[in-house]
Amino acid sequence: MVTDIKDITHAVEASAVMGLLPPRPRLLALGEPTHGADTLLDVRNELFRQLVEQEGYRWIAIESDCLRGLVVDDHVTSGAGTLDEVMEHGFSHGFGASAANRELVRWMREHNEGRPASERVRFAGFDGPLEMTGGASPRQALTALHAYLAARVDADLLPCTPETLDRLLGPDDRWTEPAAMMDPSRSVGQRPDATQLRLLADDLVALFEARIPQPVAASASEDWHRAHLYGRTATGLLRYHFWMADTSPARMGRLLDLRGSMMAANLLSLAERAPTLVFAHNSHLQRDKSSMRLGDLPLEWWSAGAIVSTRLGEGYAFLATAVGTLHHQGVDAPPPDTVEGLLYALPEERCVVDSRRLAAAVADAEPAARVSPWFGYAPLDPVQVAGTDGIVFVRDAWPSQASAVSGDD
């Protein structure tokens, strides 16, 4: 396809990544084409360490439940809970079973020991409290926001009491009914009590924004940021449940849009705080429109990365990861006329590639799109290569020896 691309490849190091970018981005997004390959997470972990030590990055945000992520952050910053407890309760999507995620948490806690708050590394989940089967109950987010406000404003300003919230919420399992994802009639999201909760959540967020501007004191700032997270999560979840009850053809597309917007809001909040490494599936971080098929239904949506990129401009950078093989999933060496095949011919086990120069080099050859025999791996779309800020290529990717994580994204 091209004679030589060695001069546009580099070792996967923070200095090489920064050399591909304009000013240091507030959000540096590293995508993965599949879940469950700890080889890719090992690359992420090493890059994050270098970004912390060499470039002043202070946060890592991964595609996991934003509320569960608070458990991890409490542990790495203060030592709360045991490592086993954190891995069990601090991750969604089964990611707590990953040995590489466990090593990340262990390193972050070790790094923070004895350091002042300004030098500590922080952890965030940036996904909504959502799984493939639906959304969580809004109870945790709503009651935490209410409690934050109740401690700081006059009682007569609150739109409801905790007892009213509890009554309207009802049992949590009615919100998490797995059948509701495929059967809208099983969702509670458009019932009168859910509608009333949406109005109350909106009033609570409005009160928070009007009466409690962001505090200057560092001791109060963390509580404020968490309350802000609770507010956008509560309204986002209630909106998500509302559209789970929808029966129109637009239902699934709307749910994907809502998940993307919830992710984007969490990332934008992190961008205001400190330089952050973001890690998630490529489809959640790319600038181009994302797409998937659900049975015979084609779906398209603008991902969190696309939304955030339009807001931050050069403050957002995206590195897509591509792999040569996933032998354990039947994904063998890529055809030589694909982008992955071209990179697979290089001697390096891992490298970062100047994607814009790569796109220019292969433009005349019009590389073919790789087709995966396994649904859980999404190959690079050659058309989208130029829309990335770099490509991290891993020749052979393997799962964790401890356990495997689902390939669903």
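Every value quoted in this text rests on a predicted model; they were computed, and no experiment measured them.

### A word on the pairing of strand β9 (residues 297–301)
No. 1: Bridge count between strand β8 (residues 290–294) and β9: five bridges; the pairing is antiparallel. In the sheet register, Met292 faces β9, and the bridge partner there is Leu299.
No. 2: Where β8 hands over to β9, the hairpin turn is made up of two residues, of which Gly295 adopts a positive phi near 65°.

### Let's talk about the side chain of Thr388
No. 1: Relative to the elements of secondary structure, Thr388 occurs in the loop between α14 (355–362) and β12 (390–396).
No. 2: For Thr388, a relative accessible area of 4% puts it in the buried group.
No. 3: Reaching out from Thr388, the side chain makes a polar contact with the backbone oxygen of Val385 at a distance of 2.8 Å.
No. 4: In this structure Thr388 touches Arg287, Phe318, Ala320, Ser355 and Arg356, once residues within four positions along its chain are discounted.

### Notes on the packing of helix α7 (residues 162–169) against helix α8 (residues 192–211)
Packed helices, taken two at a time, are described by their axes: the angle between them and the distance between them.
No. 1: Relative to each other, α7 and α8 sit at 145°, their axes nearing to 9 Å. Viewed along their axes, α7 and α8 form a crossing whose handedness is left-handed. On α8, the residues touching Thr164, Leu165, Leu168 and Leu169 of α7 are Asp193, Gln196, Leu197 and Leu200.
No. 2: Looking at side-chain class alone, the contact of α7 with α8 contains five nonpolar, two polar and one charged residues.

### Some points on the layout of surface pockets
No. 1: Space inside the second largest pocket adds up to approximately 450 Å³.
No. 2: Contributing elements (two or more residues each) for the lining of the second largest pocket: α3 (69–78) and α9 (218–244).
No. 3: Looking at the lining of the second largest pocket, its residues break down into four nonpolar, four polar and eight charged.

Rules of the game
- Residues numbered from 1 in each chain as written.
- Predicted model: local features only at pLDDT ≥ 70, side-chain atom pairs only at ≥ 80, totals over all residues.
- Heavy atoms only, no water.
- Pairing = 2+ DSSP bridges.
- Helix = DSSP H or I, 4+ residues; strand = E, 2+ residues; numbered from the N terminus.
- Buried < 20%, exposed > 50% of the residue type's maximum accessible area, 1.4 Å probe, protein only.
- Polar contact = N/O pair within 3.5 Å; in protein donor to acceptor, adjacent residues only side chain to side chain.
- Contact = heavy atoms within 4.5 Å.
- Axes fitted to C-alpha atoms, helices over the stretch in contact; angles between N-to-C directions.
- Left-handed = near helix turned anticlockwise from the far one by under 90°.
- Nonpolar A, V, L, I, M, F, W, Y, C, P; charged D, E, K, R; others polar.
- 1 Å grid on protein atoms, 1.4 Å probe; cavity = no way out; pocket = protein on both sides within 12 Å on 5 of 7 lines; lining within 4 Å.
- Points joined across faces, edges and corners; volume = space filled by probe spheres on them.

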